[in-house]
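Commentary on secondary and tertiary structure
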Amino acid sequence: MAEILKERSELDPKFQWDLTPMFESDAAWETALENLDAEIDSVAAFAGKLSDAITIGAYLDATTELNRKVEQLYCYASMRHDEDTRDNAAQSMYARVGSKYVKMVTALSFAQPEILSLPEDKLAAIVNDPAVAEYKFNLEDLLRSKPHTLTKAEEKLLASFGEVMSAPSEIYHNLEDADMVFDAVKNGEGETVEVTGSNFVPLEMSTDRTLRENAFHSYYKGYRQHINTFAASYSGAVKAAAAEAAARSYPSSRAMSMAGENVPVEVYDNLVATVRKHMPAMHRYVRLRKKMLGVDALHFYDVYAPLVGDLKKTYSYETAQQMVLKAVAPLGEDYQETVRKAYAERWIDVYPNRGKRGGAYSGGCYDSNPYILLNFSGTLDSVSTLAHEMGHTIHSWRSRQHQPPQYADYTLFVAEVASTVNENLLIEQLLQNENDPQTRLYLLNQYLENFKGTVYRQTMFAEFEREAHAMVERGEALNAAALNELYKRLVMDYFGEDMVIDEEIQYEWARIPHFYRAYYVYQYATGFSAAVALSSQILKKGPEDYIKFLKLGSSVPPIEALKVAGVDMSTPEPVNEALDFFEEVLTEFEELMK
């Protein structure tokens, strides 16, 4: 019988992250939170005084320090919450620091409109004044937002709605992580298997088709039962974004989001157009999957099934650690040493437990080491996830070491590059000396799956998101029926005629958490495309330019940062090159099948 998830207290602490470097205890966190009000009031006292470079410099220094403290409080509470989303004390911590964050944003909302209300010639002089030299790029970025900045009173009012505007995301996460339960199912041998948010994808990767089918129906039954609630929460998130964009005089919420990242809107549309141009390759892969699995009809519960069903590959966590360490060897000894440090100092929360947040991420703050949340299950996908999140982690670590706090957080547009480079290096390393046809097929399958999931699937999500926001901006209803129909239509386009469109798949949009972070998903596809080029360059020419990129943080615009690494995302070429490579891998796979 499949193993039942344990409570967190039953797991070995050596496989759990150690948060004590941030705060020794929850009590220490509480004390720091209590002191925050006075610090917020102190910085808010700058209101009405931001008229010269020296004062603005002092304000920015004070704000930077305050942000560091709030970030540390938030990160700790967020990670404590994610350890067990049922924990009332952790829920309270997370909610209270969220309220403090909104208080801080509201109290400091005066600054941007106050600075931007200064005469143009004075602003230009201030930006170039030595008193604010450490913030010059920030201030230039601020000037770029001038046409979209409201009056001081309006900015304060908008900031005060922060908790209200984030409520849809909170509703979604509480419903999905804490409240939703799924029916247990039978596997092909008649054994009972628990279905949870964290084990659903591993179940769908099983070679047991009966288990995959039963888990699929159970899982999406849960979403169908709550689909109107999910639709209402997502509609609320989209409407909040649309309302803010309109208030700030942006033509759309997408334009607002991408302006915030300093990425041209054309990059998004180029991605969708380029991927659609390469859609025949995706349909070809679907046909290959149907043939390899030997099924009369290919269903969505077959999408994650390994194509090499007779090759059993599972990995212990210790083996996964060594695989990742070996894979990143081309990035240099310093890079490897940081990976060893992450293993030794418990930066990683490894195994699933009851109530734990599903999925994986890399977190932490400027004044802590990075942290990684995993739900490790022993599959090659789990190993790839460790490599992926380690890429984020080393990117964060290097940025924080080489940039001041105001530039340490890299932008979302480049966020998925370092993670995907690591995944690609892992697969390349495993393929390098592998001559066994079956094992090679297995590894190529993983490569193809990465392309399918990261370029094609995330671009499909990007289309869904673009259209959902446009529907609201056109005044159309964003209810469950409309969202289901939109998603189903896109699935048909992307997967083609060889895929059976199961009824349940129309509800899949409801399980995608990134939709609550507007216009995030497209950056997986652009990031993966950049990573394909960069991983090839690293293996051929060495990591020097790439390592420079890892240290830049947000000190330059993201398009320029990637140019430092050696790739130009302002053109469609990296996406074209990535999908050409996908077809090359697909061709090798087909040849090995003969």
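Just above sits the structure.
Before going into details, it helps to say that this report is about the structure given with it. Just so we're clear, the structure is a prediction, and the values are computed from it rather than from any experiment. Numbering of residues starts from 1 in each chain and follows the order in which that chain's sequence is written. With pLDDT at 70 or above as the cut-off, local features in this predicted model cover only qualifying residues; side-chain atom pairs require 80 or more to be listed or tallied, and sums for whole chains, interfaces and linings still use all residues. Heavy atoms throughout the structure, all of them, feed into the side-chain values; hydrogens and water do not.

1. Observations regarding the overall build of the chain
Each helix is a run of DSSP H or I of at least 4 residues and each strand a run of E of at least 2, with the numbering of both proceeding from the N terminus. Helices and strands together make up the secondary structure of the chain, namely 26 helices and five strands. Radius of gyration (C-alpha) of the chain: 24 Å, near the 25 Å computed for a compact globule of 594 residues. Principal-axis analysis of the C-alpha atoms places the extent of the chain at approximately 75 × 50 × 50 Å. Whether two residues touch is decided by their heavy atoms; if any such pair falls within 4.5 Å, the residues are in contact. Sequence-distant contacts in the chain: of pairs separated by 6 or more residues, those separated by 24 or more amount to 76%. Surface accessibility follows the Shrake-Rupley procedure with a 1.4 Å probe radius. Residue values consider only the protein chains on display as shielding. In the form shown here, the chain has an accessible surface area of approximately 24400 Å², with 51% of it arising from carbon and sulfur atoms. Across the chain, the 58 positively charged side chains and the 89 negatively charged ones have centroids separated by 1 Å. For the radius of gyration, the atom set is restricted to C-alpha positions; the globular benchmark scales as 2.2 Å times the number of residues to the power 0.38. For the purpose of charge, His is not counted, nor are the chain termini; Lys and Arg are scored as positive and Asp and Glu as negative. One atom stands in for each charge, and that atom is NZ of Lys, CZ of Arg, CG of Asp or CD of Glu.

2. Section: the packing of helix α15 (residues 279–293) against helix α21 (residues 437–473)
Direction vectors running N to C along α15 and α21 enclose 135°, while the axes themselves pass 12 Å from each other. Here α15 is positioned oblique relative to α21, judged by the angle of their axes. In this structure, α15 meets α21 at a crossing whose hand is left-handed. Contacts between α15 and α21 pair M279, A281, M282, Y285 and R289 from the former with N445, L448, E449, K452 and Y456 from the latter. Residue classes follow a fixed rule: Ala, Val, Leu, Ile, Met, Phe, Trp, Tyr, Cys and Pro count as nonpolar, while Asp, Glu, Lys and Arg count as charged, and any other residue, Gly among them, counts as polar. Residue composition of the contact of α15 with α21, grouped by class: six nonpolar, one polar and three charged. Structural elements are reduced to axes, namely lines fitted to C-alpha atoms, with helices fitted over the stretch in contact, and the angle between N-to-C directions of any two is expressed from 0 to 180 degrees. Each angle receives one of four descriptions, namely roughly parallel if under 35 degrees, roughly antiparallel if over 145, roughly perpendicular if within 65 to 115, and oblique otherwise. Definitions for this section: a left-handed crossing has its near helix turned counterclockwise from the far helix by less than a right angle. A right-handed crossing has that turn clockwise.

3. Examining the side chain of S198
Inspection of the secondary structure assignment puts S198 in the loop between β2 (192–193) and α10 (200–204). A polar contact of 3.3 Å, which involves the side chain of S198, links it to the side chain of T196. Ignoring any residue separated from it by four or fewer positions in sequence, one finds S198 in contact with L5, P352, G358 and N375. For the purposes of these results, a polar contact is taken to be a pair of N or O atoms within 3.5 Å, where, inside protein, one atom must be able to donate a hydrogen and its partner to accept one; residues adjacent in sequence count only when each atom of the pair is a side-chain atom.

4. Remarks on the environment of P21
With respect to the element layout, P21 can be found in the segment before α1 (26–34). Only protein chains enter the accessibility calculation, which uses a 1.4 Å probe; a residue whose area is less than 20% of its type maximum is buried, one above 50% is exposed, and one in between is partly exposed. On the basis of relative accessible area, P21 is assigned to the partly exposed category, the value being 49%. The spacing of P21 and L175 is 154 residues in sequence and 31 Å in space, taken between C-alpha atoms. Not counting the four nearest positions on each side in its chain, P21 is found in contact with N369 and Y371.

5. With respect to the packing of aromatic side chains
Two rings from Phe, Tyr or Trp (for Trp, the six-membered ring) form a pair when their centres are within 6.5 Å of each other. A pair whose planes differ by under 30 degrees is stacked, one over 60 is edge-to-face, and the rest are tilted. Throughout the structure, instances matching the rule amount to 46 aromatic pairs. Ring centres of F200 and Y220 lie 5.8 Å apart, and the angle between their planes is 90°; this geometry places the pair in the edge-to-face category. One end of the pair, F200, is in helix α10; the other, Y220, is in helix α11 (residues 209–225), and 20 residues separate them in sequence. The exposure class of F200 is buried, given its relative accessible area of 2%. Throughout this description, the term charge over a ring refers to an Arg CZ or Lys NZ atom that lies within 6 Å of the ring centre and within 35 degrees of the ring normal. Positioned above the aromatic ring of Y268, the side-chain terminus of R254 is 4.8 Å from the ring centre.

6. Quick notes on the nonpolar core
Most often, soluble globular proteins have nonpolar side chains that are buried together. Among buried residues, those of type Ala, Val, Leu, Ile, Met, Phe, Trp, Tyr and Cys that are joined through side-chain atoms within 4.5 Å constitute a nonpolar core. Y234, I348, F495, W509 and Y546 are the most contacted members of the largest nonpolar core, which has 143 residues in total. Tallying contributions element by element places α21 first for this core, with 16 residues. Beyond its immediate chain neighbours, meaning those up to four positions away, I348 contacts F15, Q16, W17, Y317, A342, Y343, I372, L374, L386 and M390. Judged by nonpolar contacts, the second largest core, of 42 residues, contains F23, V70, M93 and L108.

7. Comments concerning unusual backbone geometry
Positive phi outside glycine occurs at S249, with the angle close to 65°. The topology assignment puts S249 in the loop between α12 (227–247) and α13 (253–261). A residue is classified by how much of its surface remains accessible, and S249, at 53% relative accessible area, is exposed. Backbone geometry places R346, a non-glycine residue, at a positive phi of 60°. You can see R346 is positioned in the loop between α17 (333–344) and β3 (348–349).

8. A word on the sheet that holds β3
The criterion for strand pairing is that DSSP finds at least two bridges linking the strands in question. Across the sheet, which stays open at both edges, the three strands sit in the order β3-β5-β4 with mixed pairing between neighbours. Two strands lie at the open edges of the sheet, namely β3 and β4 (361–363), each paired on one side alone. When β4 meets strand β5 (residues 371–373), the two strands line up antiparallel, connected through three bridges. Its bridge partner being in β5, Y361 is matched across the sheet by L373.

9. Digging into the pattern of salt bridges
By definition, a salt bridge exists where a carboxyl oxygen of Asp or Glu is found within 4 Å of a side-chain nitrogen of Lys or Arg. Here the structure, examined in full by the defined rule, presents 41 salt bridges. The residue K152 makes a salt bridge to E114 at a minimum N-O spacing of 3.1 Å. Taken together, the positions of K152 in helix α8 (residues 152–160) and E114 in helix α5 (residues 111–116) put the pair 38 residues apart, joining distant regions of the chain. Residue K152 is classed as partly exposed on the basis of its relative accessible area of 37%.

10. Things to note about the packing of helix α18 (residues 380–402) against α21
Closest axis-to-axis distance for the α18/α21 pair is 11 Å, and the angle between their directions is 50°. The angle between α18 and α21 places the two elements in the oblique class. In this structure, the crossing between α18 and α21 has a hand that is right-handed. Residue-level contacts link L380, D381 and S384 of α18 to Y442, L443 and Q446 of α21. Tallied by class, the residues present in the contact of α18 with α21 amount to three nonpolar, two polar and one charged.

11. With respect to helix α2 (residues 36–44)
Buried residues of α2: L36, I40 and V43, and no others. Taken down its axis, α2 places every buried residue within 65° of arc, on the same side. Considering only its buried residues, α2 is in contact with α1, α3 (53–83) and α4 (88–107). This arc is built from the directions going out from the helix axis to the C-beta atoms.

12. Digging into the environment of D37
Looking at the element boundaries, D37 is found in helix α2. When the C-alpha atoms of D37 and L325 are compared, they prove to be 44 Å apart, with 288 residues separating the residues in sequence. Excluding its chain neighbours within four sequence positions, the residues that come into contact with D37 are K100 and K103.

13. Focus: a nonpolar patch on the surface
A cluster of nonpolar side chains, contributed by L157, F161 and V164, occupies part of the molecular surface with about 290 Å² of accessible area. For F161, the position within the fold is in the loop between α8 and α9 (162–179). Each patch is built from residues that are more than 30% exposed by relative accessible area and take part in no salt bridge. Like charges join if they lie within 9 Å; nonpolar side chains (Val, Leu, Ile, Met, Phe, Trp, Tyr) join within 5 Å.

14. A closer look at the state of the cysteines
Whenever a pair of cysteine sulfur atoms sits within 2.5 Å, that pair is classed as a disulfide. Under the counting rule described, the total for this entry stands at zero disulfides. Here C365 is not cross-linked by a disulfide; its sulfur's nearest cysteine counterpart is in C75, at 4.6 Å. With relative accessibility at 0%, the residue C365 sits in the buried group.

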